[in-house]
Amino acid sequence: MTDSLTIKRPDDWHLHLRDRTMLAAVLPETARHFGRAIVMPNLVPPVVTGADAKAYRKRILAALPNGAKFTPLMTLYLTETTDPDDVERAYNDGIIHALKLYPAGATTNSDSGVTNFDTVKPVLERMAKLGIPLCTHGEVTDENVDIFDREAVFIDRVLDPIRRANPELRIVMEHITTSDAVDYVKSADTNLAATITTHHLVINRNHILVGGIRPHYYCLPVAKRQTHQIVLRAAATSNDPRFFLGTDSAPHIDANKISVCGCAGCFTATNTMSILAHVFEDENALPHLEAFTSLNGPAFYRLDPNADTITLTKGDLVQLPTHIPTPEGDVTVFDPGFPLKWHIT
Ligand code: DOR
Ligand code: ZN
């Protein structure tokens, strides 16, 4: 039985770092293990222009702990008024690595997102020409569509028409939660990939709702039934280069999670690598962990893998914090529901 594994340092291809005191509190949790992360732009106000992204990157670098070697990869929030020339400049200057499409109203701080997809056509065409990836929050917001169906309907109503209109556009379906999404990625050419979160490999909707409601397991897209979870686990552990890690680690203070209208988001930055080692071991797929966390993502984003490595060793219970303090209140670290034994050095 393998009890030690050395892999290229992992990257996180979908991460929420927030700003100010929250940024300072959560950034060390990611920088401890990860070399780079695609940083989500859903701040208030959002990161919309190249200048916004440059300023936000500076704030992230300033918040890094001494000695940390972490590189934030910035994204722009796609709005109906995004200027293709600004996107091109920011990309050519090396400031941004992707744009993020939020359907307006789909999730946390998505009010500035897209309602009429025709309005973003010129930006998508420019991105296709330049090879800039589009990261999608793949859920429709139609109130008549059940929340558990919103990802599958997004594929038919929004994503597939965008891909047909822009066959060269490189797209990452973020945080996929359904077998429909896995099938769609597998049926496509190499311009389509998907990220999978740590928490969607560990929980299904029973974990949120059976025996009492568990607000810390509520995220968007919401976890689906177990049959989907099984397909996600198979995809993540399959060594298929089109699937890679994007944790969607999304910190909210407890007061905003445990509330009559709680925020969506699971905070997994602290224990993601230990959890993933456990999941891959469970699936008899430890040799495929490196591809998922450290190789497939850079290949899609046309970057080299990190030069250095981490070592995962199975041993006694891992002692990790259960809460990350911030001046506004604690952020609860995701509880996988099983003991963690994989240590990361
Ligand atoms: O659960 C989520 N939390 N899903 C998202 O799409 C946004 C994120 C957040 O920003 O809190
Ligand atoms: Zn997210």
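A quick note: this is a predicted structure, and the numbers were derived from the prediction, not measured. (Residues numbered from 1 in each chain as written. Chains lettered and ligands numbered in written order. Predicted model: local features only at pLDDT ≥ 70, side-chain atom pairs only at ≥ 80, totals over all residues. Heavy atoms only, no water.)

S.K.: Now, about the sheet that holds strand S1 (residues 4–8): what can you tell me, with residues and values included?
M.R.: Strand order across the open sheet formed by three strands is S1-S10-S13, with antiparallel pairing between neighbours. Looking at which strands have only one partner, the edges of the open sheet turn out to be S1 and strand S13 (342–344). Ignoring which end each strand starts from, the neighbouring axes of this sheet average 25° apart. Two strands pair when backbone bridges link them, and S1 and strand S10 (residues 309–314) are joined in this way by five bridges, in the antiparallel orientation. Bridged to isoleucine 7 within S10 is isoleucine 310. (Pairing = 2+ DSSP bridges. Helix = DSSP H or I, 4+ residues; strand = E, 2+ residues; numbered from the N terminus. Axes fitted to C-alpha atoms, helices over the stretch in contact; angles between N-to-C directions.)

S.K.: Give me the layout of surface pockets: which residues, what numbers.
M.R.: Any empty space left between atoms is shown by rolling a water-sized probe over those atoms. What the largest pocket holds in volume is close to 360 Å³. Taken together, 17 residues make up the lining of the largest pocket; nearest its centre are Arg18, Asp19, Arg20, Met22 and Pro251. Counting residues per element, the lining of the largest pocket draws most heavily on helix H1 (residues 20–31), which supplies three residues. When its residues are assigned to classes, the lining of the largest pocket shows six nonpolar, seven polar and four charged. Here the second largest pocket defines a volume of roughly 270 Å³. In terms of lining residues, the second largest pocket is bounded by 15 residues, among which Asn271, Leu320, Pro321, Thr322 and Pro336 are the most central. (1 Å grid on protein atoms, 1.4 Å probe; cavity = no way out; pocket = protein on both sides within 12 Å on 5 of 7 lines; lining within 4 Å. Points joined across faces, edges and corners; volume = space filled by probe spheres on them. Nonpolar A, V, L, I, M, F, W, Y, C, P; charged D, E, K, R; others polar.)

S.K.: Which residues make up helix H2 (residues 50–63), and what values do they have?
M.R.: In this model, H2 (14 residues) spans 20 Å end to end at C-alpha, consistent with the 20 Å of a helix rising 1.5 Å per residue. On its buried face, H2 is in contact with H1, strand S3 (36–39), strand S4 (71–77), helix H3 (84–92) and strand S5 (96–101). (Expected span 1.5 Å × (residues − 1). Contact = heavy atoms within 4.5 Å.)

S.K.: Mind laying out the coordination of the zinc ion (ligand 2), listing which residues take part and the relevant values?
M.R.: When a metal carries six donors in an octahedron, the ideal angles between them are 90 or 180 degrees, while four donors in a tetrahedron ideally lie at 109.5 degrees. Here the zinc ion (ligand 2) is held by the protein donor atoms His14 (NE2), His16 (NE2) and Asp248 (OD), which lie 2.1 Å from it. Sequence spacing of the donor residues for the zinc ion (ligand 2), all on one chain, is H-x1-H-x231-D. Placement of histidine 14 in strand S2 (residues 12–15) and of aspartate 248 in the loop between strand S9 (243–245) and helix H10 (254–257) is noted, with a sequence separation of 234 residues between them. The two residues histidine 14 and aspartate 248 agree in class, both being buried. (Donors = N, O, S within 2.8 Å, 3.2 Å for Na, K, Ca; no water. Buried < 20%, exposed > 50% of the residue type's maximum accessible area, 1.4 Å probe, protein only.)

S.K.: Could you give an account of the site of ligand 1, naming the residues involved and the relevant values?
M.R.: Surrounding ligand 1, one finds 13 residues, the nearest of these being Arg18, Asn42, Leu220, His252 and Ala264. In the environment of ligand 1, an oxygen atom lies 2.8 Å from a nitrogen or oxygen atom belonging to the side chain of arginine 18. Between ligand 1 and asparagine 42, the relevant distance is 2.9 Å, taken from an oxygen atom to a side-chain nitrogen or oxygen of the residue. When the free accessible area of ligand 1 is taken as 290 Å², the share hidden by the protein chains comes to 100%. In a pocket analysis with a 2 Å cut-off to the grid points, ligand 1 is assigned to the largest cavity. Residue composition of the shell around ligand 1, grouped by class: four nonpolar, seven polar and two charged. (Near = heavy atom within 4 Å. Polar contact = N/O pair within 3.5 Å; in protein donor to acceptor, adjacent residues only side chain to side chain. Areas by Shrake-Rupley, 256 points an atom, 1.4 Å probe, with all protein chains shown as cover. Sits in = over half its atoms within 2 Å of the grid points.)

S.K.: Lay out the pairing of S5 in plain terms, naming residues and giving numbers.
M.R.: Regular strands place their side chains on alternate faces of the sheet. Within S5, six of the six residues are buried, which leaves the element mostly enclosed by the surrounding structure. For S4 and S5, the ladder comprises four bridges, and the chain directions are parallel. Among the inter-strand pairings, leucine 76 is bridged to a residue of S5, identified as leucine 99. Since S4 and S5 lie parallel, the crossover through H3 that links them has a hand, and here it is right-handed. Handedness of the crossover joining S5 and strand S6 (residues 134–136) through helix H4 (residues 121–130): right-handed. (Right-handed = clockwise from strand over helix to strand, strands pointing away.)

Honestly, that's just the spatial picture; any functional story needs more than this.
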